[in-house]
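What follows is the residue order along each chain.
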Amino acid sequence: MVGVEQIAVLSVGAAASFFMAWTVGAGWTPYAPSVGARTMTIMRAAFFTGLFGIAGAVLQGANVTEAMAAGLIEGVAISPIGAVIALTVAAGLVAIGVFTGYPLATAFTATGAVIGVGLALGGQPAYAKYQQILLLWVLTPFLCGGVAYGLARLIRRDDVPDEYTIPLFGGLVGIILANSPFTFLAPESGGASIAAFLSDELSLSPLFGLIVATLLVGVLIGGVLLLEVRSSVRRGQRHLLFGIGALVSFSAGGSQVGLAVGPLVPMLTPLELPLLVVLVFGGLGVMFGAWMGAPRMIKALARDFSSLGPRRATAALIPAFAIAQTAVLFGIPVSFNEIVVSAVVGSGYAVGGERTSTKKMTYTVLGWVVSLLLSFVLAFGLLTLVKML
């Protein structure tokens, strides 16, 4: 039986969670490279970001949600008051970033806040999980930026025409997509990839089946683009860029919704609500946030960090998609803005970096570090103060 006091706290927690989801969506920039390449308007980019984002939240959001709910602190469960404080602190800091035009790392603020309240409750640090998180956070700028730089350099070569690079990149995206986890393919085991599902259906050995299924998906997507570029290279390039942006938005939903609803999950235990309901709730929040707040951030990232053409925009989005899916697979709360900023900057340096704003980039990185430390201190301090009253 849920009492009146529990309902009141749950209502406040749900409101804080929805606000956090809204700010997460408002800070999304998956289609920023497309806007920078002038293949899509800002408002259209925000619309599709929200649409594909809620799909990703529902179909891929379980892993990160479970990590945020119970994977960051050992020995204690996050209390309802602790969840409210963590969500409010994280959402407040992200909102500041949205309205000032500096994309703060949502994963940094949410993770710092949850760890802060967990330690204030007497929990023990989950060092093994922290090592995974820190490793991905540190490697993301180098991997994402490095791959974007390499791809951008490749497609700038005069001896590598678009008729070949567009289907090639489409096939590469298909390979990543084939190995991305989807909850609905194997709900009883936390999800499965398209390649694993096809491998089982084809009754092949696990390794050989994965290879065959992966190549099938890659060849299928690359083949469709090959047929398209033969009639219109420009249309094929635009469709490739739109498709990658859709997949990146989808990945953002899967990797980011857990930041908003993860702390809320322990509060819902007495209600016995299915996780799917929680994911839909968070997905709606990020969708509305993307529609209402993302245009400002898309404009800031598309025009202030680096000016991209369609080729370099494609080079930026491919590694962003790969890193985001890696985070979803391992249930690691990763900052999507860190991913996109790294990819955009890396592709920008492929032309010498003269169009890359070093000042803006420096302030952004500083904001990420400060947001992690500040969210931890505020959440820890506020919950400690509440316990003393």
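Look up a bit, the structure's there.
Residues numbered from 1 in each chain as written. Predicted model: local features only at pLDDT ≥ 70, side-chain atom pairs only at ≥ 80, totals over all residues. Heavy atoms only, no water.

J.: I tried to follow the overall build of the protein chain on my own but got confused; where do I start?
T.: Looking only at helices and strands, one finds 15 helices and 4 strands in the protein chain. Looking at the protein chain residue by residue over its 389 residues, the buried ones come to 56%. For the protein chain, the proportion of contacts with a sequence separation of at least 24, taken over those separated by at least 6, is 85%. When the accessible surface of the protein chain is summed, it comes to about 16,300 Å², and 71% of that surface belongs to carbon and sulfur atoms. (Helix = DSSP H or I, 4+ residues; strand = E, 2+ residues; numbered from the N terminus. Buried < 20%, exposed > 50% of the residue type's maximum accessible area, 1.4 Å probe, protein only. Contact = heavy atoms within 4.5 Å. Areas by Shrake-Rupley, 256 points an atom, 1.4 Å probe, with all protein chains shown as cover.)

J.: How should I be thinking about the nonpolar core in this particular structure?
T.: It is characteristic of soluble globular proteins that their nonpolar side chains tend to be buried jointly. Counting 90 residues, the largest nonpolar core has Met 20 and Ile 339 as its most contacted members. The dominant element in this core, judged by the number of residues it contributes, is helix α11 (residues 233–261), at 11 residues. Met 20 has contacts with Leu 87, Ala 90, Ala 91, Thr 106, Ala 110, Leu 259 and Ala 260, leaving out every residue within four places of it along the chain. Formed by 12 residues, the second largest nonpolar core is a distinct cluster that contains Met 40, Ala 45, Ala 46 and Ala 290. (Core = buried A, V, L, I, M, F, W, Y, C linked by side-chain atoms within 4.5 Å.)

J.: Sorry, what's going on with helix α8 (residues 162–178) here?
T.: Because an α-helix completes one turn every 3.6 residues, residues spaced three or four positions apart along the sequence face the same direction. Given a rise of 1.5 Å per residue, 17 residues ought to cover 24 Å, and the 24 Å separating the end C-alpha atoms of α8 matches this to within 8%. Among the 17 residues in α8, 12 count as buried, and that is most of the element. Residues of α8 that are buried: Asp 162, Thr 165, Ile 166, Pro 167, Phe 169, Gly 170, Gly 171, Val 173, Gly 174, Ile 176, Leu 177 and Ala 178. (Expected span 1.5 Å × (residues − 1).)

J.: What should I look at first to understand empty space enclosed by the protein in this one?
T.: The rolling of a water-molecule-sized probe over the atoms marks out the regions of remaining empty space. Applying the stated rule across the entire model yields 2 cavities of 30 Å³ or more. The calculated volume of the largest cavity comes to roughly 60 Å³. Looking at the largest cavity, the residues that line it are Ile 155, Asp 162, Thr 165, Ile 166, Phe 169, Gln 237, Leu 240, Arg 311 and Thr 314. The set of elements that each furnish at least two residues to the lining of the largest cavity consists of α8, α11 and α13 (310–330). Looking at the lining of the largest cavity, the element that brings in the most residues is α8, giving 4 residues. Classifying every residue of the lining of the largest cavity by side-chain character gives 4 nonpolar, 3 polar and 2 charged. (1 Å grid on protein atoms, 1.4 Å probe; cavity = no way out; pocket = protein on both sides within 12 Å on 5 of 7 lines; lining within 4 Å. Points joined across faces, edges and corners; volume = space filled by probe spheres on them. Nonpolar A, V, L, I, M, F, W, Y, C, P; charged D, E, K, R; others polar.)

J.: Can you walk me through the packing of helix α10 (residues 206–231) against α11 in this structure?
T.: Think of two packed helices as two axes; the pair is described by the angle between the axes and how far apart they sit. At their nearest, the axes of α10 and α11 sit 6 Å apart, and the two run at 145° to each other. For the pair α10 and α11, contact is made by Leu 225, Glu 228, Val 229 and Ser 231 and by Val 233, Arg 235, Gly 236, His 239 and Leu 240, respectively. (Axes fitted to C-alpha atoms, helices over the stretch in contact; angles between N-to-C directions.)

J.: Explain the side chain of Thr 65 to me, please; I cannot follow it from the model alone.
T.: Along the chain, Thr 65 turns up in helix α4 (residues 62–70). Judged by relative accessible area, Thr 65 falls into the buried class, the value being 1%. Discounting residues that sit within four places of it in the chain, Thr 65 has contacts with Val 257, Gly 258, Val 261, Gly 262, Val 265, Leu 275 and Leu 279.

J.: Mind showing me how you'd approach the layout of surface pockets here?
T.: Counted as a void, the largest pocket has a volume near 330 Å³. Looking at the largest pocket, it is lined by 19 residues, and the ones nearest its centre are Trp 137, Pro 141, Glu 338, Val 365 and Trp 368. Put simply, the parts of the chain that give the lining of the largest pocket at least two residues each are α7 (127–155), α14 (336–348) and α15 (358–388). Top element by residues in the lining of the largest pocket is α7. It accounts for 7 residues. Classifying every residue of the lining of the largest pocket gives 14 nonpolar, 4 polar and 1 charged. The volume enclosed by the second largest pocket comes to roughly 200 Å³. What lines the second largest pocket is Thr 111, Gly 112, Ile 115, Tyr 130, Gln 131, Ile 133, Leu 134, Trp 137, Leu 372, Leu 373 and Phe 376. Elements with a minimum of two residues in the lining of the second largest pocket: α6 (106–120), α7 and α15.

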